[in-house]
Amino acid sequence: MEHIAALLLVIGCSNTMTECRELSVPVSVFETAAECTAERPFALTDVQGKAPHIVAECLTVDPALEDDYDQIVWNVRPDGTLNASLQVSNLVVASNAARPEKDYLSQQ
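Residues numbered from 1 in each chain as written. Predicted model: local features only at pLDDT ≥ 70, side-chain atom pairs only at ≥ 80, totals over all residues. Heavy atoms only, no water.

Even without being glycine, M17 reaches a positive phi, approximately 65°. Topologically, M17 is positioned in the loop between strand 1 (6–13) and strand 2 (20–22). For M17, a relative accessible area of 12% puts it in the buried group. (Helix = DSSP H or I, 4+ residues; strand = E, 2+ residues; numbered from the N terminus. Buried < 20%, exposed > 50% of the residue type's maximum accessible area, 1.4 Å probe, protein only.)

On to the state of the cysteines. By definition, a disulfide links two cysteine residues through a covalent bond between their sulfur atoms. Scanning the model with the defined rule gives two disulfides in all. Bridging C13 to C20, the disulfide has an S-S length of 2.1 Å. Across the S-S bond linking C13 and C20, the dihedral sits near 110°, which makes this disulfide right-handed. Judged by relative accessible area, which is 2%, C13 ranks as buried. Judged by relative accessible area, C20 falls into the partly exposed class, the value being 26%. Paired by a disulfide, C36 and C58 hold their sulfur atoms 2.1 Å apart. Between C36 and C58 the disulfide shows an S-S torsion of about -100°. By sign, it is left-handed. Taken together, the residues span a long stretch of sequence, with C36 in helix 1 (residues 33–46) and C58 in strand 4 (residues 53–60) at a distance of 22 residues. The connectivity of the disulfide-linked cysteines in the protein, indexed sequentially, is 1-2, 3-4. (Disulfide = S-S within 2.5 Å.)

In structure tokens, the structure reads:
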């Protein structure tokens, strides 16, 4: 299984930079940060015209947390600066494997 070292995030915004959304690109995950950086200009060319302002950033993926990341948090400032990060939410799921199965037919 290949590991992901970087994720390319591309955001398209309105002229006023007040309405922004993520844009899809053909390739968004990379085995090295260098590959992501090299692909960035081509990805920007692919999405040209989909929004008045387009910004992109390569986000570094921590290999220890690769399977735990469940959020991409981003914000585009009025000056067009993109701040983004991968995060792990604080959601905790608990289970008890020792719990006996209920017999719904015999319960009243």
